[in-house]
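# Chains, contacts and geometry: an overview
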Amino acid sequence: MTPDGDPLTAEDGVVSVTFHIVPGAAHRFSGVTVNGNSDVPAAFIEKRLRSLDGRLYSPEQIDRSFREMIETGLFRNVQITPEAVGNDSIRLNVTVEEAKAKEFGIGLGFATYDGLVLNLNYTDRNLFRSGRPLTFVAEVTQRGFGGEIVYSDPWFLDSDYRLRLRLYALNKKLKGYSKNEIGFQPSLSRKIGDCFEVS
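Each value, and the rule that gives it
Residues numbered from 1 in each chain as written. Predicted model: local features only at pLDDT ≥ 70, side-chain atom pairs only at ≥ 80, totals over all residues. Heavy atoms only, no water. Salt bridge = Lys/Arg side-chain N within 4 Å of Asp/Glu carboxyl O. Helix = DSSP H or I, 4+ residues; strand = E, 2+ residues; numbered from the N terminus. Buried < 20%, exposed > 50% of the residue type's maximum accessible area, 1.4 Å probe, protein only. Core = buried A, V, L, I, M, F, W, Y, C linked by side-chain atoms within 4.5 Å. Contact = heavy atoms within 4.5 Å. Pairing = 2+ DSSP bridges. Axes fitted to C-alpha atoms, helices over the stretch in contact; angles between N-to-C directions.

## A few points about the pattern of salt bridges
- Using the criterion set out here, one finds 10 salt bridges in the structure.
- In this structure, K172 and D114 form a salt bridge, with 3.4 Å as the shortest nitrogen-oxygen distance. A residue pair is termed long-range when its members are at least 10 positions apart, and K172 in strand β10 (residues 161-174) and D114 in the loop between β6 (102-111) and β7 (115-124) qualify at 58 residues.
- For K172, a relative accessible area of 19% puts it in the buried group.
- The salt bridge partner of E181 is K179, with a shortest N-O separation of 3.6 Å.
- Ionic contacts of the salt-bridge type, sharing partners, join the residues K47, R48, R132, D153 and D158 into one network.

Below you can see the structure in the form of C-alpha coordinates.
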(Lines give C-alpha, C1' and ligand atoms only; values in the text may rest on other atoms or scores of the structure.)
Protein backbone atom coordinates (compact mmCIF):
# COMPACT_ATOMS: atom_id res chain seq x y z
CA MET A 1 0.00 0.00 0.00
CA THR A 2 1.43 3.38 -1.05
CA PRO A 3 -0.14 6.78 -0.34
CA ASP A 4 -0.10 9.54 -2.96
CA GLY A 5 -0.84 13.19 -2.16
CA ASP A 6 0.32 16.63 -3.32
CA PRO A 7 0.54 19.39 -0.67
CA LEU A 8 0.32 22.01 -3.45
CA THR A 9 -3.31 20.95 -4.05
CA ALA A 10 -4.30 21.58 -0.43
CA GLU A 11 -7.54 23.43 0.21
CA ASP A 12 -7.90 25.12 3.62
CA GLY A 13 -4.98 23.02 4.87
CA VAL A 14 -6.54 19.73 3.79
CA VAL A 15 -4.63 17.49 1.38
CA SER A 16 -6.42 14.80 -0.61
CA VAL A 17 -4.57 11.50 -0.40
CA THR A 18 -5.00 8.50 -2.70
CA PHE A 19 -4.00 5.06 -1.48
CA HIS A 20 -2.78 2.54 -4.04
CA ILE A 21 -3.41 -0.96 -2.74
CA VAL A 22 -2.13 -4.15 -4.31
CA PRO A 23 -3.93 -7.18 -2.81
CA GLY A 24 -1.72 -9.99 -1.60
CA ALA A 25 -2.38 -13.69 -1.62
CA ALA A 26 -5.31 -14.98 0.42
CA HIS A 27 -4.18 -16.93 3.48
CA ARG A 28 -5.90 -20.10 4.61
CA PHE A 29 -6.02 -21.90 7.94
CA SER A 30 -3.69 -24.89 8.11
CA GLY A 31 -2.86 -26.79 11.27
CA VAL A 32 -3.06 -26.29 15.04
CA THR A 33 -0.41 -26.35 17.79
CA VAL A 34 -1.59 -26.83 21.39
CA ASN A 35 0.28 -25.77 24.52
CA GLY A 36 -0.50 -25.65 28.24
CA ASN A 37 -2.93 -28.59 28.40
CA SER A 38 -2.56 -31.47 30.84
CA ASP A 39 -5.92 -33.14 31.59
CA VAL A 40 -7.69 -32.06 28.39
CA PRO A 41 -6.24 -34.00 25.42
CA ALA A 42 -4.66 -31.94 22.65
CA ALA A 43 -6.79 -33.91 20.17
CA PHE A 44 -9.95 -32.49 21.78
CA ILE A 45 -8.76 -28.91 21.21
CA GLU A 46 -7.55 -29.67 17.68
CA LYS A 47 -10.96 -31.11 16.75
CA ARG A 48 -12.68 -27.91 17.87
CA LEU A 49 -10.61 -26.03 15.26
CA ARG A 50 -10.52 -28.72 12.57
CA SER A 51 -13.49 -27.19 10.72
CA LEU A 52 -11.30 -24.14 9.92
CA ASP A 53 -8.74 -26.13 7.91
CA GLY A 54 -8.61 -24.93 4.33
CA ARG A 55 -10.87 -21.92 4.95
CA LEU A 56 -9.82 -18.36 4.23
CA TYR A 57 -8.30 -16.61 7.23
CA SER A 58 -10.98 -14.82 9.24
CA PRO A 59 -10.61 -13.21 12.71
CA GLU A 60 -14.36 -13.74 13.23
CA GLN A 61 -13.88 -17.51 12.91
CA ILE A 62 -11.13 -17.40 15.54
CA ASP A 63 -13.37 -15.41 17.90
CA ARG A 64 -16.17 -17.95 17.44
CA SER A 65 -13.83 -20.85 18.22
CA PHE A 66 -12.50 -18.97 21.27
CA ARG A 67 -16.02 -18.50 22.67
CA GLU A 68 -16.89 -22.13 21.99
CA MET A 69 -13.91 -23.39 24.01
CA ILE A 70 -14.41 -20.94 26.90
CA GLU A 71 -18.10 -21.94 27.16
CA THR A 72 -17.11 -25.56 27.87
CA GLY A 73 -15.90 -24.48 31.33
CA LEU A 74 -12.76 -26.56 30.82
CA PHE A 75 -10.46 -23.54 30.54
CA ARG A 76 -9.72 -20.49 32.63
CA ASN A 77 -8.02 -18.84 29.69
CA VAL A 78 -7.56 -19.55 25.97
CA GLN A 79 -5.23 -17.70 23.62
CA ILE A 80 -5.38 -18.36 19.88
CA THR A 81 -2.49 -16.77 17.98
CA PRO A 82 -2.31 -17.01 14.17
CA GLU A 83 1.14 -17.57 12.65
CA ALA A 84 2.09 -17.40 8.97
CA VAL A 85 3.92 -20.62 8.03
CA GLY A 86 4.56 -20.17 4.31
CA ASN A 87 2.63 -21.25 1.24
CA ASP A 88 0.00 -18.62 2.20
CA SER A 89 -1.00 -20.72 5.21
CA ILE A 90 -1.89 -19.71 8.76
CA ARG A 91 -1.18 -22.04 11.69
CA LEU A 92 -3.13 -21.46 14.92
CA ASN A 93 -1.06 -21.61 18.10
CA VAL A 94 -3.43 -22.36 20.98
CA THR A 95 -2.29 -21.82 24.57
CA VAL A 96 -4.73 -22.86 27.30
CA GLU A 97 -4.95 -22.59 31.06
CA GLU A 98 -7.17 -25.35 32.36
CA ALA A 99 -9.87 -24.83 34.99
CA LYS A 100 -10.87 -27.36 37.62
CA ALA A 101 -12.94 -29.99 35.86
CA LYS A 102 -14.66 -31.47 38.91
CA GLU A 103 -16.93 -29.78 41.44
CA PHE A 104 -18.84 -31.11 44.42
CA GLY A 105 -21.38 -29.17 46.45
CA ILE A 106 -23.61 -29.78 49.44
CA GLY A 107 -26.33 -27.58 50.87
CA LEU A 108 -28.57 -27.72 53.92
CA GLY A 109 -31.64 -25.57 54.46
CA PHE A 110 -35.21 -25.32 55.62
CA ALA A 111 -38.46 -24.45 53.80
CA THR A 112 -41.86 -23.93 55.41
CA TYR A 113 -43.54 -26.41 53.04
CA ASP A 114 -40.78 -28.98 52.42
CA GLY A 115 -39.16 -28.85 55.86
CA LEU A 116 -35.48 -29.73 56.01
CA VAL A 117 -33.79 -29.66 52.60
CA LEU A 118 -30.52 -31.35 51.69
CA ASN A 119 -28.93 -30.66 48.29
CA LEU A 120 -26.10 -32.58 46.66
CA ASN A 121 -24.48 -31.87 43.31
CA TYR A 122 -21.50 -33.15 41.40
CA THR A 123 -20.07 -32.06 38.06
CA ASP A 124 -17.29 -33.52 35.94
CA ARG A 125 -16.70 -31.36 32.86
CA ASN A 126 -14.04 -33.70 31.49
CA LEU A 127 -15.60 -37.15 31.86
CA PHE A 128 -12.99 -39.84 31.04
CA ARG A 129 -10.81 -37.03 29.57
CA SER A 130 -13.32 -36.63 26.74
CA GLY A 131 -14.14 -32.94 27.26
CA ARG A 132 -17.80 -33.90 27.77
CA PRO A 133 -19.64 -32.96 31.00
CA LEU A 134 -21.64 -35.15 33.38
CA THR A 135 -23.81 -33.55 36.07
CA PHE A 136 -25.55 -35.14 39.05
CA VAL A 137 -28.06 -33.26 41.22
CA ALA A 138 -30.10 -34.65 44.13
CA GLU A 139 -32.44 -33.07 46.66
CA VAL A 140 -33.88 -34.73 49.75
CA THR A 141 -36.63 -33.09 51.84
CA GLN A 142 -39.07 -34.19 54.52
CA ARG A 143 -41.64 -34.63 51.74
CA GLY A 144 -39.55 -36.80 49.46
CA PHE A 145 -36.59 -36.78 47.13
CA GLY A 146 -35.67 -36.03 43.55
CA GLY A 147 -32.62 -36.07 41.34
CA GLU A 148 -31.21 -36.21 37.85
CA ILE A 149 -28.10 -37.24 35.95
CA VAL A 150 -27.33 -35.31 32.75
CA TYR A 151 -24.70 -36.17 30.15
CA SER A 152 -23.98 -33.68 27.36
CA ASP A 153 -22.01 -34.02 24.16
CA PRO A 154 -21.88 -30.62 22.39
CA TRP A 155 -20.13 -32.25 19.38
CA PHE A 156 -21.95 -35.56 18.93
CA LEU A 157 -19.79 -37.81 16.74
CA ASP A 158 -17.56 -34.74 16.19
CA SER A 159 -20.37 -32.97 14.34
CA ASP A 160 -22.31 -29.73 14.91
CA TYR A 161 -25.08 -31.63 16.69
CA ARG A 162 -25.50 -31.52 20.47
CA LEU A 163 -26.58 -34.67 22.32
CA ARG A 164 -28.14 -34.45 25.79
CA LEU A 165 -29.16 -37.47 27.86
CA ARG A 166 -31.17 -36.91 31.06
CA LEU A 167 -32.18 -39.57 33.58
CA TYR A 168 -34.43 -38.27 36.36
CA ALA A 169 -36.61 -39.40 39.26
CA LEU A 170 -38.98 -37.72 41.73
CA ASN A 171 -40.89 -39.09 44.73
CA LYS A 172 -42.77 -36.49 46.74
CA LYS A 173 -45.76 -36.35 49.09
CA LEU A 174 -47.89 -33.30 48.45
CA LYS A 175 -51.15 -32.13 50.00
CA GLY A 176 -53.77 -34.77 49.25
CA TYR A 177 -51.68 -36.83 46.82
CA SER A 178 -48.23 -38.15 46.10
CA LYS A 179 -46.14 -37.62 42.99
CA ASN A 180 -43.85 -40.24 41.47
CA GLU A 181 -41.84 -39.67 38.31
CA ILE A 182 -39.06 -41.54 36.61
CA GLY A 183 -37.88 -40.93 33.10
CA PHE A 184 -35.21 -40.84 30.46
CA GLN A 185 -35.06 -37.83 28.13
CA PRO A 186 -32.69 -37.87 25.14
CA SER A 187 -32.44 -34.85 22.85
CA LEU A 188 -30.47 -33.90 19.76
CA SER A 189 -30.12 -30.26 18.78
CA ARG A 190 -28.22 -28.03 16.40
CA LYS A 191 -27.60 -24.30 16.18
CA ILE A 192 -28.74 -22.49 13.06
CA GLY A 193 -26.71 -19.32 12.79
CA ASP A 194 -25.96 -17.35 15.96
CA CYS A 195 -29.55 -16.82 17.13
CA PHE A 196 -31.55 -20.02 16.57
CA GLU A 197 -31.41 -23.63 17.70
CA VAL A 198 -33.58 -26.54 16.60
CA SER A 199 -33.95 -29.76 18.60
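Don't stop here, the text continues.
## Focus: the nonpolar core
- Counting 19 residues, the largest nonpolar core has I45, M69, F75, L92 and V94 as its most contacted members.
- Among the secondary structure elements, those contributing two or more residues to this core are β3 (28-35), α1 (42-49), α2 (59-70), β4 (75-84) and β5 (89-98).
- Top contributing element to this core by residue count: β5, with 4 residues.
- In this structure V94 touches V32, T33, V34, N35, I45, L49, M69, V78, Q79 and I80, once residues within four positions along its chain are discounted.

## A short note on the sheet that holds β5
- The mixed open sheet is built from 3 strands, whose spatial order is β3-β5-β4. Edge positions in the open sheet fall to β3 and β4, since each of these has one partner strand only. Taking each pair of neighbouring strands and ignoring which way they run, the sheet shows an average axis angle of 25°.
- Pairing geometry for β3 and β5, over 6 bridges, is parallel. Pairing of T33 across the sheet is with N93, part of β5.
- Helix-sheet contacts for α1 involve β3, β4 and β5, and the interaxial angle to β3 is about 160°.

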